[in-house]
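Geometric and topological summary
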There are 2 protein chains.
Amino acid sequence: MNENSAPLGCLSGVRVLDLTQFEAGPSCTEALAWLGAEVVKVENPSGGEPGRTAFAGPPGTPDSFYFFEFNANKKSVTVNLKSERGLALVKDMAKKADVMIENMAPGTIERLGLGYDAIRALNPGIIYAQVKGFGEGSPYEKNLAFDMIAQAAGGTMSITGEPDGPPIKPGPSLGDTGTGMLMAISVLGALYERRATGQGRRLQVAMQDAMLHYIRFAFQTQAATGQAAPRNGSRSTTAPSGIFPCAPGGANDWIYVFARQKDHWHRLLKLLGREDLIGDPRYETPKARGERMAEVNAMVADWTRRRDKHEAMRIIGAAGVPAGAVLDTMELTNEPSFTDRGILQTVQHPAGPFKMPSWPVRFDGRTPKLAPAPLLGQHNAQVFGEWLGISAADVETLQKEGVV
Amino acid sequence: MNENSAPLGCLSGVRVLDLTQFEAGPSCTEALAWLGAEVVKVENPSGGEPGRTAFAGPPGTPDSFYFFEFNANKKSVTVNLKSERGLALVKDMAKKADVMIENMAPGTIERLGLGYDAIRALNPGIIYAQVKGFGEGSPYEKNLAFDMIAQAAGGTMSITGEPDGPPIKPGPSLGDTGTGMLMAISVLGALYERRATGQGRRLQVAMQDAMLHYIRFAFQTQAATGQAAPRNGSRSTTAPSGIFPCAPGGANDWIYVFARQKDHWHRLLKLLGREDLIGDPRYETPKARGERMAEVNAMVADWTRRRDKHEAMRIIGAAGVPAGAVLDTMELTNEPSFTDRGILQTVQHPAGPFKMPSWPVRFDGRTPKLAPAPLLGQHNAQVFGEWLGISAADVETLQKEGVV
């Protein structure tokens, strides 16, 4: 039991009807769930949403770790959307929901009869949210997309990689979670407004469009140079600024050091035992050091190479110079501080326990408490009962008839 | 005048006292401003927050394009925080604010006497938000950080790059804007709650911690393999999945093609004129194609190399196969669809106009309308008058005395 986490009720009473799958949509609704909304996933009775099983998970569970990560604190009901009665159930739920959200392939939700106009007619106050790969009105509005497609067409790949190498896909799933976060902000804005006005909203975001929001520093570079922002590898145009090798030389034995500001550069010189260079005009400005980049970087690398990255980060950081060891997922998982502070929490799954990242913002000193992702249809009786007044016996009948 | 954007009033009446600088904090408060909050930047009278001038901007303006991008739709007042009367002014504003937010170096806001306990005593209902590099209680809580430091120590670099190369910094400024978005979500959750309860909240996020939220797919990989998530370049473990070269072979003449699903693979085969391979067990599953990766990728590259990336994206996308051309910032800027749809909007700056990315989520078919970032102290008379009842004449006196 981690005392650094506690259940959070900011969105207590908010009902979210969640028809999303994989990551872009689920990361959005999960953020609402962390904040205390009642998020009900509507899933296919035969297997659930594809994110449950599309990826190999830890042994002992049919559900993937991926599914746990993006569906914490939610509920699950099953509904067969190929059945008329199933569709009617979803419409009945839409009448009771504050928010409905989907990220199906273009045109699918409308073909199901659950498009914006249909749902708005049932519930004019609903916040109806859609996440797509490309925007309505874009030449590619009908195209399919996944995270990497959005990252290619949204500019993030063009600015990632070595200057003389091909574009590299950034490791973070920005096309998915990055987009989901922008939709979560928009849903919350609409909810705030609705609490006062009762007014519904139609919200739409495209993964390609969302990428521009995360590369605005690159647009600054373009504005300053008049040219498309380049790829910079892990260096920048001054020194020292980039990754430096550490002992014992493994794949992630590197540390990022950034000493552009004058005071940071002076502190670093002290650390390197080169106080003699403080104030020396050959090294005093970012521009001057940029012209001696190889020499300056060698000076730093000579020091870092003789330390492991953790020691180097401790020493350089304590000296007041911005520095960060390159940590991999296993090192992050095993670093006690994340667990002690409630950033990593443990899923109490029947096949678990599994440690996973949780919502990293603290509210009054605590992160929101993790509740495990739901089993498929786990909340059928509860949700159909509470939202629609259907008895447990009737839910069983619906199940036998293949409706739920 | 773009009809695809309109002013948005979701957070109408919400007052945000904004002591942030550079990007992590400003991206957060800007999101609130897009949604209609009154966001008032408090800036140093001599030069303003460092993001105004730390980067080379377009000619004809003292402010950087960067500043325009992260401070749209905000107001600016100047306050000298080294003056007792200046500090008193900020405290008076804090009494009138719904939200106060800062991202200064560790310990600075407390040394100014504007820490959480001090502000809460003045305004128990305030939402008090802080963005730092490392979390309170982390071994590095006192360390300085910038975007790249958080990306090194938060795992994003470890999973970006070629498998046999060094870690690469992802191009997007995820350490800054990625963190800012998580704080915006949290502030909005707290605001929603507060509208009902009047309850304030203390919110804290660390850039290092926030990075874990964006690399959860990598934690899935780790859970499946038992090993730290690797770097994959722009490929994955199946084929075709990755970037393919296009004509005429420039730095960003690439297209990402992802045909893992069976139906997508079959559609792609038709496009390549290789219907004969549909159903062929040597190519039918992702695993089978993974074992013939070089051969499968060559088949696709042979086709893409003879088209430019735009044509290739049109044709492959229209065939129902996920595909995205690698677009650079200049291509994105010049693609009319972004402007037509209100994703890119134009800043009407005295030295402008400048086209820049705006909030990419549409509300009822329109993105929030861009209002330009404020000039330094542009709203002194208005804000000190409306918030604190100070007359224009008294504001002038304060200015002469160096308080504002």
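Conventions used here
- Residues numbered from 1 in each chain as written.
- Chains lettered and ligands numbered in written order.
- Predicted model: local features only at pLDDT ≥ 70, side-chain atom pairs only at ≥ 80, totals over all residues.
- Helix = DSSP H or I, 4+ residues; strand = E, 2+ residues; numbered from the N terminus.
- Buried ≥ 20, exposed ≤ 12 C-beta atoms within 10 Å, placed from the backbone.
- Pairing = 2+ DSSP bridges.
- Contact = placed C-beta atoms within 7 Å.
- Axes fitted to C-alpha atoms, helices over the stretch in contact; angles between N-to-C directions.
- Least-squares fit on C-alpha atoms with pLDDT ≥ 70 in both.
- Domains from an automatic or database assignment.
- Parallel < 35°, antiparallel > 145°, perpendicular 65-115°, else oblique.
- Left-handed = near helix turned anticlockwise from the far one by under 90°.
- Nonpolar A, V, L, I, M, F, W, Y, C, P; charged D, E, K, R; others polar.
- Right-handed = clockwise from strand over helix to strand, strands pointing away.
- pLDDT = per-residue confidence, 0-100.

With respect to the overall build of chain A
The number of helices and strands found in chain A is 17 helices and 14 strands. The principal-axis extent of the C-alpha atoms belonging to chain A is close to 80 × 50 × 40 Å. Here chain A, with 404 residues, has 56% of them falling under the buried criterion.

Structural notes on the sheet that holds strand β3 (residues 38-43) of chain A
On the basis of which strands lie adjacent, the open sheet formed by 7 strands has the order β4(A)-β3(A)-β2(A)-β5(A)-β6(A)-β7(A)-β13(B) and mixed pairing. A strand with exactly one partner marks an edge of an open sheet, and here the two such strands are β4 (75-78) of chain A together with β13 (362-363) of chain B. The pairing of strand β6 (residues 127-132) of chain A with strand β7 (residues 201-206) of chain A spans 6 bridges and is classified as parallel. By the bridge assignment, Gln130 of chain A is partnered in β7 of chain A with Gln204 of chain A. Those strands touched by helix α7 (residues 174-197) of chain A are β5 (99-102), β6 and β7 of chain A, and its axis lies near 170° from that of β6 of chain A. Sitting on the sheet, helix α16 (residues 380-388) of chain A is in contact with β3 and β4 of chain A, with an inclination near 85° to β4 of chain A.

Looking at the relation of the copies chain A and chain B
Between chain A and chain B, which share one sequence, the superposing operator has a rotation angle of 180° and an axial displacement of 0.0 Å; the RMSD is 0.0 Å. The symmetry that links the two subunits is that of a two-fold axis. In this assembly the copies share their binding face: 100% of the residues contributing to the interface of chain A also contribute to that of chain B.

Side note on unusual backbone geometry
All names here are of chain A. Here the amide bond leading from Ala239 into Pro240 is cis, since omega sits at -10°, within 30 degrees of zero. Here Pro240 lies in the loop between α9 (216-225) and β8 (241-245). You will see that Phe22, though not glycine, has its phi angle at about 60°, which is positive. As for its position among the elements, Phe22 is in the loop between β2 (15-19) and α1 (24-34).

Some points on the domain arrangement of chain A
According to the domain assignment, chain A consists of domain 1 (5-215 + 341-400) and domain 2 (241-329). If you average the C-alpha positions of domain 1 of chain A and of domain 2 of chain A, the two centres end up 42 Å apart.

Details of the packing of helix α1 (residues 24-34) of chain B against helix α7 (residues 174-197) of chain B
All names here are of chain B. Contact pair α1 / α7: the axes reach a minimum separation of 7 Å and the direction vectors enclose 45°. Judged by the inter-axis angle, α1 sits oblique to α7. Like other packed secondary-structure pairs, α1 and α7 cross with a definite hand, here right-handed. Between α1 and α7, the residues in contact are Ala24, Gly25, Ser27, Cys28, Ala31 and Leu32 and Asp176, Thr177, Thr179, Gly180, Met181, Met183, Ala184 and Val187, respectively. Its residues assigned to classes, the contact of α1 with α7 comprises 8 nonpolar, 5 polar and 1 charged.

Quick look at the interface of chain A and chain B
Listed as interface residues are 111 residues of chain A and, on the opposing side, 111 residues of chain B. The element that contributes the greatest number of residues to the side of chain A that touches chain B is α7 of chain A, accounting for 16 residues. Each residue belonging to the side of chain A that touches chain B can be placed in one class, and the counts come to 68 nonpolar, 30 polar and 13 charged. Two elements, strand β13 (residues 362-363) of chain A and strand β7 (residues 201-206) of chain B, share 2 bridges in a ladder whose sense is antiparallel.

Considerations on the sheet that holds strand β4 (residues 75-78) of chain B
Reading across from one edge, β13(A)-β7(B)-β6(B)-β5(B)-β2(B)-β3(B)-β4(B) is the order of the 7 strands in this open sheet, with mixed pairing throughout. Of all the strands in the sheet, the pair left with one neighbour each is β13 of chain A together with β4 of chain B.

Things to note about the pairing of strand β11 (residues 344-347) of chain A
All names here are of chain A. Where β11 meets strand β12 (residues 354-357), 4 bridges bridge the pair, whose relative direction is antiparallel. Note that in β12 the partner of Thr346 across the bridge is Lys355. Hairpin connection, β11 to β12: the antiparallel pair is bridged by 6 residues.

A word on the pairing of β2 of chain A
Within a regular beta strand, the side chains point alternately toward one face of the sheet and then the other, so they alternate between its two faces. Residue and element names in this part refer to chain A. Counting buried positions along β2 yields 4 of 5 residues, so the element is predominantly enclosed. As paired elements, β2 and β3 share 4 bridges and run parallel to each other. Among the inter-strand pairings, Val16 is bridged to a residue of β3, identified as Val39. Note on the crossover from β2 through α1 to β3: the handedness is right-handed.

Some words on α9 of chain A
Most of α9 of chain A sits inside the fold, with 8 of its 10 residues counted as buried. Of all the residues in α9 of chain A, the buried ones are Arg216, Phe217, Ala218, Phe219, Gln220, Thr221, Gln222 and Ala223 of chain A. As for α9 of chain A, its buried residues are in contact with α8 (207-214) of chain A together with α2 (65-70), α7, α14 (329-334) and β12 (354-357) of chain B. Taken from the residues just after α9 of chain A, Gly226 of chain A is the one with a positive phi, measuring 75°.

Quick look at the environment of Lys91 of chain B
Residues and elements named next belong to chain B. Take Lys91: it is sitting in helix α3 (residues 84-96). Among the residues examined, Lys91 registers 16 C-beta atoms within 10 Å and is labelled partly exposed. Expressed as a C-alpha distance, the spacing of Lys91 and Gly113, which sit 22 residues apart in the sequence, is 9.3 Å.

Describing the confidence of the model for chain A
Here chain A averages 96 in pLDDT, while 100% of its residues score no lower than 70. With pTM at 0.98, the complex prediction returns an ipTM value of 0.98.

Observations concerning the environment of Thr20 of chain A
Residue and element names in this part refer to chain A. Tracing the backbone through its elements, the reader meets Thr20 in the loop between β2 and α1. Since 29 C-beta atoms lie within 10 Å of it, Thr20 is described here as buried. Considering only alpha carbons, one finds Thr20 and Glu43, 23 residues apart in sequence, at a separation of 8.8 Å. Aside from chain neighbours lying at most four places away, what touches Thr20 is Gly25, Pro26, Thr29, Ile101, Glu102 and Asn103.

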